[in-house]
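Chain by chain, the residues:
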Amino acid sequence: MTSPEASVTAGYVHGYSEREAARLGDQADTLAALLHAGTAYPAGSRVLEIGCGVGAQTIQLARAGPGAHIVAVDHADDSLAQARARVAAHAPGADVEWCHADLFDLPFAEAEFDHVFVCFVLEHLSDPRQALTALRRVLRPEGTITVIEGDHGSAFFHPTSAYAQAAIERQVQLQSASGGNALIGRQVQPLLAQAGYEDIVVRPRTVYADQTRPALVDGFTRNTFIAMVASARADALAAGLTTAADWDRGITDLHRTAQANGTFHYTFFKAVAVNPPGAATAGR
């Protein structure tokens, strides 16, 4: 998502390549049961999905709540076009309305939505609290917001490797330099509280992969996490954060965690909170 105010928004550090679109699809498919468990919006409800990107999460929302009306918002026309095609192919008949808009200038009336869904968006914003506050305007009183974010500080693995750990830390640095926060998962609860939400419940959603879970090894360790870190190579070298030799050794060592006798752990944080009664005009 973007905003006219540079102090509020950050760049999408992972880029908009075809490879990144494929990675997002792999991530959503692999983690669907983990991240979307307990999220099924009732028929007739109006659901706002912020930062829908290429539609990877939109498909999961539509499948879990086929009777809900989903309004999927993104600021990038190319992403919206991919999202339309993806949903048409994988969730035909889904009740999805597409909207090109900015998170901080949404073209919706106050209290227009029953639920808001925000997944992997706050990590790219320089002021996520302000974004959460702004969303209260379009969420009805006693409506819910669901927020899902990762935290790269939760990544640990076997075999251990200082080079692999350094590569992850370089990606965290790059995201911070662009105004984002790859460690935001641990902050979800206080951010929602500071934005004025109530009845906040946050639960960790942990991914653990080893050779007994080959689908997670391929879908998450290799195709989601390692692919995400590896894509930062050019930027890390250009920023002078590492050398080519050290970076390449780090990525090689990360791949060892996806081989026989390797293990990988990562935690996402999923929060559900309520917009307080009488608070529909919040965020003005």
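This text goes with the structure placed above it.
Predicted, not measured: the structure shown is a model, and the values here were computed from it.

Draft legend 1. Summary view of the layout of surface pockets. If you add up the space inside the second largest pocket, you get close to 150 Å³. If you trace the second largest pocket, you find 15 residues lining it, with Gly38, Thr39, Thr146, Lys270 and Val272 closest to the centre. Of all the secondary-structure elements, those providing two or more residues to the lining of the second largest pocket are β5 (139-150), β7 (198-209) and β8 (263-274). A breakdown of the residues in the lining of the second largest pocket according to their chemical character gives eight nonpolar, four polar and three charged.

Draft legend 2. Spatial organisation of the packing of aromatic side chains. Applying the stated criterion across every chain, the model contains ten aromatic pairs. Residues Phe220 and Tyr266 carry aromatic rings whose centres are separated by 5.8 Å and whose planes lie at 50° to one another, so their mutual orientation is tilted. One end of the pair, Phe220, is in helix α7 (residues 214-230); the other, Tyr266, is in strand β8, and 46 residues separate them in sequence. Neither residue differs from the other here; Phe220 and Tyr266 are each classed as buried. Taking 5.0 Å as the distance between ring centres and 50° as the angle between the ring planes, the aromatic pair formed by Phe225 and Phe264 counts as tilted. Of this pair, Phe225 sits in helix α7 while Phe264 sits in strand β8, and the two are 39 residues apart along the sequence. Taking the relative accessible area as the measure of exposure, Phe264 reaches 1% and is therefore buried. The rings of Phe120, Phe157, Phe220, Phe225, Phe264, Tyr266 and Phe268 are connected pair by pair, giving a single aromatic cluster. Over the aromatic face of Tyr197 sits the side chain of Arg136, whose NZ or CZ is 5.8 Å from the ring centroid.

Draft legend 3. Expanded view of helix α9 (residues 244-256). An ideal rise of 1.5 Å per residue puts 18 Å on 13 residues; α9 measures up with 19 Å between its terminal C-alpha atoms. Among the residues making up α9, those that are buried are Trp247, Gly250, Ile251, Asp253 and Leu254. Down the axis of α9, the buried side of the element spans an arc of 160°, and every buried residue falls inside it.

Draft legend 4. A look at the pattern of salt bridges. All told, the structure shown has eight salt bridges when counted by the stated rule. Asp114 is the salt-bridge partner of Arg140, the closest N and O atoms lying 2.8 Å from each other. In this pair, Arg140 is assigned in strand β5 and Asp114 in strand β4 (residues 113-119), connecting sequence segments 26 residues apart. Across the salt bridge formed by Arg249 and Asp253, the nearest N and O atoms sit 3.8 Å from each other. Taken together, the residues Arg249 and Asp253, both in helix α9 and four residues apart, mark about one turn of the helix. One network of salt bridges, in which partners are shared, links Arg249, Asp253 and Arg256.

Draft legend 5. Structural context of the nonpolar core. Judged by nonpolar contacts, the single largest core of 43 residues is most densely connected at Phe220, Phe225, Val229, Leu254, Phe264 and Phe268. Counting residues per element, this core draws most heavily on α7, which supplies seven residues. Beyond its immediate sequence surroundings of up to four residues, Phe264 is in contact with Ala155, Phe156, Phe157, Val207, Tyr208, Ala209, Phe220, Thr221, Phe225, Leu254 and Thr257. In this structure, Cys99, Leu103, Val121 and Val188 belong to the second largest nonpolar core, which totals 30 residues.

Draft legend 6. Highlighting the side chain of Thr144. Along the polypeptide, Thr144 turns up in strand β5. According to the relative accessible area criterion, Thr144 is buried, its value standing at 18%. Polar side-chain contacts of Thr144 include one of 2.7 Å to the side chain of His115. Excluding its chain neighbours within four sequence positions, the residues that come into contact with Thr144 are Asp114, His115, Val116, Leu139, Val272, Ala273 and Val274.

Draft legend 7. The arrangement of α7 in detail. With 17 residues, α7 should cover 24 Å at 1.5 Å per step; its first-to-last C-alpha distance of 21 Å lies more than 12% under that length. The sharpest bend along α7 measures roughly 30° and falls at Thr221. Those residues of α7 that fall on the buried side of the exposure criterion are Leu216, Val217, Gly219, Phe220, Thr221, Thr224, Phe225, Ile226, Met228 and Val229.

Draft legend 8. View of the pairing of β8. Of all twelve residues in β8, ten are buried, a share of seventy percent or more. Bridge count between β5 and β8: seven bridges; the pairing is antiparallel. Looking across to β8, one finds that Ile148 is bridged to Lys270. Bridge count between strand β6 (residues 156-158) and β8: three bridges; the pairing is antiparallel. In the sheet register, Phe157 faces β8, and the bridge partner there is Phe264. The sheet contact formed by β7 and β8 spans ten bridges and is antiparallel.

Reading guide: rules and limits
Residues numbered from 1 in each chain as written. Predicted model: local features only at pLDDT ≥ 70, side-chain atom pairs only at ≥ 80, totals over all residues. Heavy atoms only, no water. 1 Å grid on protein atoms, 1.4 Å probe; cavity = no way out; pocket = protein on both sides within 12 Å on 5 of 7 lines; lining within 4 Å. Points joined across faces, edges and corners; volume = space filled by probe spheres on them. Helix = DSSP H or I, 4+ residues; strand = E, 2+ residues; numbered from the N terminus. Nonpolar A, V, L, I, M, F, W, Y, C, P; charged D, E, K, R; others polar. Phe/Tyr/Trp six-rings, centres within 6.5 Å; stacked < 30°, edge-to-face > 60°. Buried < 20%, exposed > 50% of the residue type's maximum accessible area, 1.4 Å probe, protein only. Lys NZ or Arg CZ within 6 Å of the ring centre and 35° of its normal. Expected span 1.5 Å × (residues − 1). Arc of directions from axis to C-beta. Salt bridge = Lys/Arg side-chain N within 4 Å of Asp/Glu carboxyl O. Core = buried A, V, L, I, M, F, W, Y, C linked by side-chain atoms within 4.5 Å. Contact = heavy atoms within 4.5 Å. Polar contact = N/O pair within 3.5 Å; in protein donor to acceptor, adjacent residues only side chain to side chain. Bend = angle between axes of the 7 residues up to and from the residue. Pairing = 2+ DSSP bridges.

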